[in-house]
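A look at the structure
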Amino acid sequence: MPTNLPAEARAKLAEYSAARTLEEKIEKLEEAIGLIPDHKGTEKLRRQLRRRLAELRRELEERRQRRSGGGRDEFSVEKEGWAQIVLLGAANSGKSSLFNALTGAKSPVADYPLTTTRPFPGMMLFQDAELQLVDLPSVLTEDLRPTSLATRSIAVARNSDLILLVADASRDPVTELKSLTELLSDHGVSLRQRSCEVRIQRTDTGGLRLVVMGNLRCSYQEVVELLKSYGYRSAIVKVIGDADLDEIEEQVILQPVYRKALAVLTKADLVERSRIDRLAEEIRSHLRIPVVAASVNDTLSLEALKAEVFASLEMIRVYTQKDGVVSKRPILMPKGSTVLELAELIHKDLARNFRYARVWGRSVKVQGQRVGPDHQLQDGDVIEIRSD
Ligand SMILES: Nc1nc2c(ncn2[C@@H]2O[C@H](COP(=O)(O)OP(=O)(O)OP(=O)(O)O)[C@@H](O)[C@H]2O)c(=O)[nH]1
Ligand SMILES: [Mg+2]
């Protein structure tokens, strides 16, 4: 990875990451890329930085267009429901068909590629919980080259809660999924929780504070020196997991985001079951992404897909009870959420005046048990909160 960058390239990347305006960021990044030597070891880094540069330029262009009265960006999708899930894939892989089958909405479908030209949001119900699904324009052509809308679709995916990687089971889904994950990685979206994660929060004063939650395979001092060489003077830097200096450097430069992903093999009706099983096995072991197969002509497969999507979100459904009446619709929260976090989500005052709660469901031994604010809830729990 990107070791041995010349000092001037590091300094320029430091200026880039400290830059406040879009124009300044573009200028610094252009200069930094020019200073990175052109050899095998820096190939991936240069490609990723060039993509980032393209994104910044496009953002600037869009901002100019909006200012000159172009109206609102048709690629911005307002979040609704408990989570936003996007459909990302190559042309004609069946995204819009799947989206329509899952939401009942009507995104245009055709047997020619690149039918979808803007994000199309809809609502999917999973056991009374509303989840937003977004159909996106294809990011790869059928011969797996990035499309002109790839960067914009990926920008939507970057902000989502879950990415469904859609691949046609009747074509070559393994190659398709590999290309998709590479494209995402080039855009700074990583699908695998890596062994290490670096979170940097700049501060105005206080110097560099390093918090390590895991195993550092280098010294604190080396990390501090590295951060300084990239221009960080005052920041809280959390290193989570096991990391060596190279991994930390990669993250400091690119600051990738992590997104949960689920691979969906579409058009399962066109392929033999045994082949689907083989493909799924290959995807799980080589790409290490969970995978599920579905066909729009098979309702059972769609129900199974919904359940798999919900599982991938790693959320729990909690039902509130008031005066003995249980709410019809659940509240969704990240796994591991506590009673107090639920109270805060419902209303600040409920959290502030919290006394105790009663819980029915899997998180308690005795049904209707009285619990405190730190009690961790589980999927399907019913809870009644008592406050002053
Ligand atoms: N047999 C079968 N055909 C399907 C299935 N899903 C989609 N198709 C067909 O695949 C073709 C492409 O479907 P779309 O849903 O438009 O694909 P897309 O990924 O949205 O494609 P673009 O947005 O045009 O890039 C259409 O002819 C669909 O009828 C399925 O489950 N089974
Ligand atoms: Mg489409």
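So, a few notes on the structure that sits alongside this text.

1. Remarks on the site of ligand 1
The environment of ligand 1 is made up of 22 residues, and the closest members are Lys 95, Ser 97, Thr 115, Ser 138 and Asp 269. Here Asp 269 contributes a side-chain N or O atom positioned 2.8 Å from a nitrogen atom of ligand 1. Within the complex, 86% of the 650 Å² of free accessible area of ligand 1 lies under protein. Class assignment for the residues of the shell around ligand 1 results in eight nonpolar, 10 polar and four charged.

2. A short note on the layout of surface pockets
Its boundaries defined by the atoms lining it, the largest pocket holds a volume of some 810 Å³. As for the largest pocket, its lining consists of 33 residues, and the residues nearest its centre are Arg 52, Glu 55, Leu 56, Glu 59 and Arg 158. Within the residue set of the lining of the largest pocket, elements represented by two or more residues are helix 1 (7-18), helix 2 (22-35), helix 3 (43-70), helix 5 (150-158), strand 6 (196-202) and helix 8 (245-254). In terms of residue count, the dominant contributor to the lining of the largest pocket is helix 3 (seven residues). Classifying every residue of the lining of the largest pocket gives 16 nonpolar, six polar and 11 charged. By residue number, the principal contributor to the lining of the second largest pocket is helix 6 (residues 173-186), which donates five residues. By residue class, the composition of the lining of the second largest pocket is eight nonpolar, seven polar and 11 charged. Two domains share the lining of the second largest pocket, each providing at least three of its residues, namely domain 1 (1-73) and domain 2 (84-191 + 259-313).

3. Details of the packing of aromatic side chains
One pass over the structure, following the stated rule, counts two aromatic pairs. For the ring pair Phe 99 and Phe 120, a centre distance of 5.8 Å and an interplane angle of 80° mean the geometry is edge-to-face. With Phe 99 in helix 4 (residues 95-103) and Phe 120 in strand 2 (residues 120-126), this residue pair connects regions lying 21 residues apart in the sequence. Positioned above the aromatic ring of Tyr 16 is the side chain of Lys 25, whose terminal nitrogen or guanidinium carbon lies 4.8 Å from the ring centre. When the ring centre of Tyr 356 is taken as origin, the NZ or CZ atom of Arg 370, which lies over that ring, is 3.7 Å away.

4. Some details on helix 11 (residues 339-346)
Regarding helix 11, the residues found buried are Val 339, Leu 342 and Ala 343. An end-on view of helix 11 places all buried positions within 100° of arc, on one side of the element. Residues of helix 11 that are buried make contact with strand 12 (315-322), strand 14 (331-334), helix 12 (348-352), strand 15 (354-360), strand 16 (369-371) and strand 17 (382-387).

5. Some details on unusual backbone geometry
The phi angle of most residues is negative, glycine excepted, and most peptide bonds adopt the trans form. You will see that Lys 267, though not glycine, has its phi angle at about 55°, which is positive. Among the structural elements, Lys 267 can be located in the loop between strand 10 (260-266) and helix 9 (273-287). Lys 267 gets classed as partly exposed once you look at its relative accessible area, which sits at 26%. Positive phi values are uncommon outside glycine, yet Asp 323 reaches one of about 50°. Summarising the element assignment, Asp 323 is placed in the loop between strand 12 and strand 13 (325-326). Note on Asp 323: relative accessible area 70%, which makes it exposed.

6. Comments concerning the sheet that holds strand 6
Spatially, the three strands line up as an open sheet ordered 6-8-7, and their pairing is mixed. Edge positions in the sheet fall to strand 6 and strand 7 (208-213), since each of these pairs with one other strand and no more. When strand polarity is set aside, the average angle formed by the axes of neighbouring strands in this sheet is 15°. Sheet topology note: the strand 6/strand 8 (residues 235-241) ladder contains seven bridges and is antiparallel. By the bridge assignment, Gln 201 is partnered in strand 8 with Ile 236. Here helix 8 sits on the sheet in contact with strand 6 and strand 8, set at roughly 45° to strand 6.

About the thresholds
- Residues numbered from 1 in each chain as written.
- Chains lettered and ligands numbered in written order.
- Predicted model: local features only at pLDDT ≥ 70, side-chain atom pairs only at ≥ 80, totals over all residues.
- Heavy atoms only, no water.
- Near = heavy atom within 4 Å.
- Polar contact = N/O pair within 3.5 Å; in protein donor to acceptor, adjacent residues only side chain to side chain.
- Areas by Shrake-Rupley, 256 points an atom, 1.4 Å probe, with all protein chains shown as cover.
- Nonpolar A, V, L, I, M, F, W, Y, C, P; charged D, E, K, R; others polar.
- 1 Å grid on protein atoms, 1.4 Å probe; cavity = no way out; pocket = protein on both sides within 12 Å on 5 of 7 lines; lining within 4 Å.
- Points joined across faces, edges and corners; volume = space filled by probe spheres on them.
- Helix = DSSP H or I, 4+ residues; strand = E, 2+ residues; numbered from the N terminus.
- Domains from an automatic or database assignment.
- Phe/Tyr/Trp six-rings, centres within 6.5 Å; stacked < 30°, edge-to-face > 60°.
- Lys NZ or Arg CZ within 6 Å of the ring centre and 35° of its normal.
- Buried < 20%, exposed > 50% of the residue type's maximum accessible area, 1.4 Å probe, protein only.
- Arc of directions from axis to C-beta.
- Contact = heavy atoms within 4.5 Å.
- Pairing = 2+ DSSP bridges.
- Axes fitted to C-alpha atoms, helices over the stretch in contact; angles between N-to-C directions.

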